[in-house]
Amino acid sequence: MKRDVPLKAKWALAACMAGISVSAALNRVGMAAGLHPIWLNVLRMGFSVVLLAPFFLHRKGSLRAIAALPAKERLLTILSGLMLAIHFAAWSASLSLADSFVAVTIWSTFSLMTVIGSALVLHERTPAPALLGIIIATIGVGVCAIGASGSQLTGVVLALSAAVSQAIYTLCGRVVRRRLDTLPYTVVVYGIAFVGLLLCALTFRIPTDGITWQGGGVALLLALVCTLGGHSLQNYALKYYKAPTVSTAMLT
């Protein structure tokens, strides 16, 4: 962690932790309302893009900043959006098949994955005490997964997929955020995730029966609380904190 981290970055990280903490509960409520996990996240990302669009269009230079990105950062931004789409789809689906505690615990392994990826790719070190804490938490994953079978086992695999995609998404953000501000980065990433999820829903002809006012309301809450109040603030914090630090905070 940098010593000169501004106070607003610390508040952003704290708010990110709070916003993401209610994700599992809201996802379950949305699916209980009849929404398929994919459509739930299509609506979630659609609402997120619509809510951010006025600020994006009003801020001068956002489009130029995106256009000025080097090829490497452009590819990482696209990869980040695709990983976010996979994360949301796998995460919601895992909650529909596995116990919430098991799914959340399996998902939490993304923190250790981020540490490893950060060390290998970004050459960022994690303090030994923090690494030890992450390893201990990850060992608990194996305990939670013991006895899983059938649909429960599928839920575990999906939760693990959500963890892998979350780790890649976080690492991509750490690199791109060095050059690109939070707003243009998140709008592009959320837009790519929205298109990816929508194409998935249409390609596999996923039923739209659950798209009701109740389901839409839950999706809007997910967009406001977990996406804008969670993932967007995570992306902001990535400019000031190492990826392992942010991922560990989210694990908390």
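Treat the numbers as computed from the prediction; the structure is a model and nothing was measured.

Q: Report on the packing of aromatic side chains, specifying residues and quantitative values.
A: Tallied over the full model, the rule gives three aromatic pairs. Between Trp 91 and Trp 107, the aromatic rings sit 5.8 Å apart at their centres with planes inclined by 40 degrees, giving tilted as the arrangement. In this pair, Trp 91 is assigned in helix H5 (residues 71-97) and Trp 107 in helix H6 (residues 100-107), connecting sequence segments 16 residues apart. Take Trp 91: its relative accessible area is 5%, and that puts it in the buried class. Judged by its relative accessible area of 8%, Trp 107 is buried. Measuring from centroid to centroid gives 5.5 Å for Tyr 236 and Tyr 240, while their planes differ by 50 degrees, and the two rings are tilted. Each member of the aromatic cluster is reached from another via a ring pair, and the members are Trp 91, Trp 107 and Phe 110.

Q: I'd love a proper account of the pattern of salt bridges, names of residues and values included.
A: Enumeration according to the criterion identifies three salt bridges in this entry. Put simply, Glu 73 and Arg 179 hold a salt bridge, and the shortest N to O gap is 3.3 Å. Of this pair, Glu 73 sits in helix H5 while Arg 179 sits in the loop between helix H9 (151-176) and helix H10 (182-203); the two residues are 106 residues apart in sequence, bridging distant segments of the chain. On the basis of relative accessibility, which here comes to 8%, the residue Glu 73 falls in the buried class. On the basis of relative accessibility, which here comes to 58%, the residue Arg 179 falls in the exposed class. Between Glu 124 and Arg 178 there is a salt bridge; the shortest N-O distance is 3.3 Å. One end of the pair, Glu 124, is in the loop between helix H7 (110-122) and helix H8 (128-145); the other, Arg 178, is in the loop between H9 and H10, with 54 residues separating them in the sequence. Judged by its relative accessible area of 7%, Glu 124 is buried. On the basis of relative accessible area, Arg 178 is assigned to the partly exposed category, the value being 49%. Here the residues in one salt-bridge network are Glu 124, Arg 174 and Arg 178, joined through shared partners.

Cut-offs used in this document
Residues numbered from 1 in each chain as written. Predicted model: local features only at pLDDT ≥ 70, side-chain atom pairs only at ≥ 80, totals over all residues. Heavy atoms only, no water. Phe/Tyr/Trp six-rings, centres within 6.5 Å; stacked < 30°, edge-to-face > 60°. Helix = DSSP H or I, 4+ residues; strand = E, 2+ residues; numbered from the N terminus. Buried < 20%, exposed > 50% of the residue type's maximum accessible area, 1.4 Å probe, protein only. Salt bridge = Lys/Arg side-chain N within 4 Å of Asp/Glu carboxyl O.

That is the geometry; function is a separate question.
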